[in-house]
Amino acid sequence: MDCVFIEGLEVEAIIGVLDWERTVEQRLLVDLDLGWDNRRPATSGALEDALDYAAVAGVARDCLREGRFHLLETAAEELASVLNERFGVTYRRIVLRKPGAVPGTKSVGVTIVRGGEA
Ligand SMILES: Nc1nc2c(c(=O)[nH]1)N=C([C@H](O)[C@@H](O)CO)CN2
């Protein structure tokens, strides 16, 4: 299966379950692997046939900022739904990292995989 990917998208968002986390934006790092048949855009050379990673990055950022989610799990599920609705992507591997959330770690977070092959 072909994919279009985004690695290390930085998003500042309200995210977390603790009281202080509802008042201060924190940094999320987002990795996306999105199933897409890249043969058509390869042949046509047309961006319209491609999964535009710039457009995906914008939608992902808006989703995570506007959601003001409590759990990373909720954020990841909502992002998976939005990416399916907006771009018709079926296979979605989403990694959300919250750097520095737990002392002594580089980052913590969740991974979800939804859908089958493109
Ligand atoms: N599996 C999860 N565990 C925790 C989350 C989360 O979103 N998913 N969130 C928190 C707090 O918000 C954390 O960032 C600070 O302690 C704790 N555990």
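Keep in mind the model is a prediction, meaning the values are calculated, not measured.

Undergrad: I'm lost on the overall build of the protein chain in this one. Help?
TA: Counting its regular elements, the protein chain contains three helices and four strands. Reading the protein chain from its N end, one meets helices and strands in the order β-β-α-α-α-β-β. By the compact-globule yardstick of 13 Å for 118 residues, the protein chain fits well, its C-alpha radius of gyration being 15 Å. Structurally, the protein chain occupies a C-alpha span of about 50 × 25 × 20 Å along its principal axes. When contacts within the protein chain are restricted to residue pairs at least 6 apart in sequence, long-range pairs at least 24 apart make up 59% of them.

Undergrad: Explain the site of the ligand to me, please; I cannot follow it from the model alone.
TA: What surrounds the ligand is the set Gly16, Val17, Leu18, Glu21, Leu71, Leu72, Glu73, Lys98 and Ala101. In terms of residue class, the shell around the ligand is built from five nonpolar, one polar and three charged.

Undergrad: When you look at the sheet that holds strand S3 (residues 92-99) in this model, what are you seeing that I'm missing?
TA: Hydrogen bonding along the main chain pairs the strands of a sheet, whether they run parallel or antiparallel. The strand order across the open sheet formed by four strands is S1-S2-S3-S4, and the pairing between neighbours is antiparallel. The strands lining the two open edges of the sheet, one partner per strand, are strand S1 (3-13) and strand S4 (107-114). Mean inter-strand twist for the sheet, computed between neighbouring axes without regard to direction, equals 15°. When S3 meets S4, the two strands line up antiparallel, connected through eight bridges. Paired with Lys98 across the two strands is Val108, which belongs to S4. Strands strand S2 (26-35), S3 and S4 of the sheet are contacted by helix H3 (residues 72-87), whose axis makes an angle of about 145° with S3.

Undergrad: I'm lost on unusual backbone geometry in this one. Help?
TA: Of all residues except glycine, most have a negative phi; of all peptide bonds, most are trans. Of note in the backbone geometry, Arg68 takes a positive phi value of approximately 45° without being a glycine. Inspection of the secondary structure assignment puts Arg68 in the loop between helix H2 (53-67) and H3. Residue Arg68 is classed as partly exposed on the basis of its C-beta count, with 13 C-beta atoms lying within 10 Å.

Undergrad: Please clarify how the UniProt feature "domain: Dihydroneopterin aldolase/epimerase" (unreviewed entry) in the protein chain should be interpreted in this entry.
TA: When the UniProt feature table is mapped to this numbering, "domain: Dihydroneopterin aldolase/epimerase" (unreviewed entry) covers residues 4-114. The annotated region residues 4-114 carries 33% helix and 32% strand content, and the separation between its end C-alpha atoms amounts to 15 Å.

Quick notes on the rules
- Residues numbered from 1 in each chain as written.
- Predicted model: local features only at pLDDT ≥ 70, side-chain atom pairs only at ≥ 80, totals over all residues.
- Helix = DSSP H or I, 4+ residues; strand = E, 2+ residues; numbered from the N terminus.
- Rg over C-alpha atoms; globule rule 2.2 N^0.38 Å.
- Contact = placed C-beta atoms within 7 Å.
- Near = placed C-beta within 6 Å.
- Nonpolar A, V, L, I, M, F, W, Y, C, P; charged D, E, K, R; others polar.
- Pairing = 2+ DSSP bridges.
- Axes fitted to C-alpha atoms, helices over the stretch in contact; angles between N-to-C directions.
- Buried ≥ 20, exposed ≤ 12 C-beta atoms within 10 Å, placed from the backbone.
- UniProt positions renumbered as here; feature names shortened; annotations may be inferred.

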